[in-house]
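Below are the chains, spelled out letter by letter.
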Amino acid sequence: MPVGQPFTQLCQALSRPRFLGRVDLHLHTTYSDGTYTPAEIVDLARRSGLSAIAITDHDTLAGIAPTQEAAGESLEVVTGVEITTEFRGKELHLLAYCFDPDNVALRFALDQLRTDRVGRFHEMIKRLATLGVHFEEVDVAHLGTETTLGRRHLAEMLVQAKKAATVRDAFQRYLGDRGRATVPKKRLPVAEAINLVRGASGVAAWAHPSYDCNKDALLELKGLGLGAVEAEYPAFRPSRRKDLRNLAQEQGLAISGGSDCHGPGQPHRDVGASSISHDELARLREMI
């Protein structure tokens, strides 16, 4: 069997003991702002030698079941979601894991966030119109009610309508965090979001924590029920990863981590580019 060929790598990955595999707990699909389908994520995860993954689409659980179906028995799919929250007046992304995806309260709260995003999406289209950027027709019904609409969808529309050269150009000109057409998202108070996750028998982690993530902030969030910190992340330098791991250990918190893959084009964020061990996933589960 030729060494280094995709089929060879796949066979080698599938033959590895599950406890030796790496785990990517931060992945996005076409159900939010990712460009890979659940089946494509599964294929890439297998090729990368991962033993477990979590689909963490923004404010929706719709990608979990298709991913589990595509994975079958060859790859563990942990329930996951990335929730838009607010902490100390700023946006904080909260990763939730290992929860019951049928929990009514959690699903209702996520439904509310997605509904608000629809209104936000159309408000951004109105703002673009005031800037002289018009669309002949806007129809997002084909994306489905469980898909989370975001700025990337609008950026892709701008590219298709030849109003921007690339998605990056669309963000730079109109849709960046301080862009002229940007509308803020609805954010759940972080205490409410953590309570929902714990009520669904899950564990909450601080996603790609900023430099506001210090001992004081972690103490407050731990008091609210936070169980983990995302210490393994593509944008972090080794020193930052070490600092976050030390902070987590000091506070008795688990470690999370993943690639935050949204699609091709960024090799440092490919599926499996950042990961944690299976032992660290086990520790994460202990926080429930």
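Draft legend 1. Expanded view of the overall build of the chain. Across its full length, the chain holds ten helices and ten strands. Computed over the C-alpha atoms, the radius of gyration of the chain is 19 Å, within 12% of the 19 Å expected from 2.2 N^0.38 for a compact globule of 288 residues. Along the first, second and third principal axes, the C-alpha set of the chain runs to 55 × 50 × 40 Å. Expressed as a percentage of its 288 residues, the buried residues of the chain come to 51%. Taking the intrachain contacts of the chain between residues at least 6 apart in sequence as the baseline, contacts between residues at least 24 apart amount to 71%. Measuring between centres, the 35 positive side-chain charges of the chain sit 6 Å from its 37 negative side-chain charges.

Draft legend 2. Broad picture of the sheet that holds strand E8 (residues 228-232). Strand order in the open sheet made by the six strands is E6-E4-E5-E7-E8-E9, with mixed pairing throughout. Because the sheet does not close on itself, it has two edges, and the strands there are strand E6 (188-189) and strand E9 (254-257). The pairing of strand E4 (residues 80-87) with E6 spans two bridges and is classified as parallel. By the bridge assignment, Glu86 is partnered in E6 with Pro189. Sitting on the sheet, helix H4 (residues 104-130) is in contact with E4 and E6, with an inclination near 70° to E4. Of the strands in this sheet, E8 and E9 are in contact with helix H9 (residues 238-251), which crosses E8 at around 160°.

Draft legend 3. Structural context of the sheet that holds strand E1 (residues 22-27). The sheet built from four strands is open, its strands ordered E3-E2-E1-E10 with mixed pairing. The open sheet has two edge strands with one neighbour each: strand E3 (76-78) and strand E10 (276-277). Where strand E2 (residues 50-55) and E3 come together, three bridges link them in parallel fashion. What sits directly across from Ile53, in E3, is Val77.

Cut-offs and rules
- Residues numbered from 1 in each chain as written.
- Predicted model: local features only at pLDDT ≥ 70, side-chain atom pairs only at ≥ 80, totals over all residues.
- Heavy atoms only, no water.
- Helix = DSSP H or I, 4+ residues; strand = E, 2+ residues; numbered from the N terminus.
- Rg over C-alpha atoms; globule rule 2.2 N^0.38 Å.
- Buried < 20%, exposed > 50% of the residue type's maximum accessible area, 1.4 Å probe, protein only.
- Contact = heavy atoms within 4.5 Å.
- Lys, Arg positive; Asp, Glu negative; His and termini not counted.
- Charge placed at Lys NZ, Arg CZ, Asp CG, Glu CD.
- Pairing = 2+ DSSP bridges.
- Axes fitted to C-alpha atoms, helices over the stretch in contact; angles between N-to-C directions.

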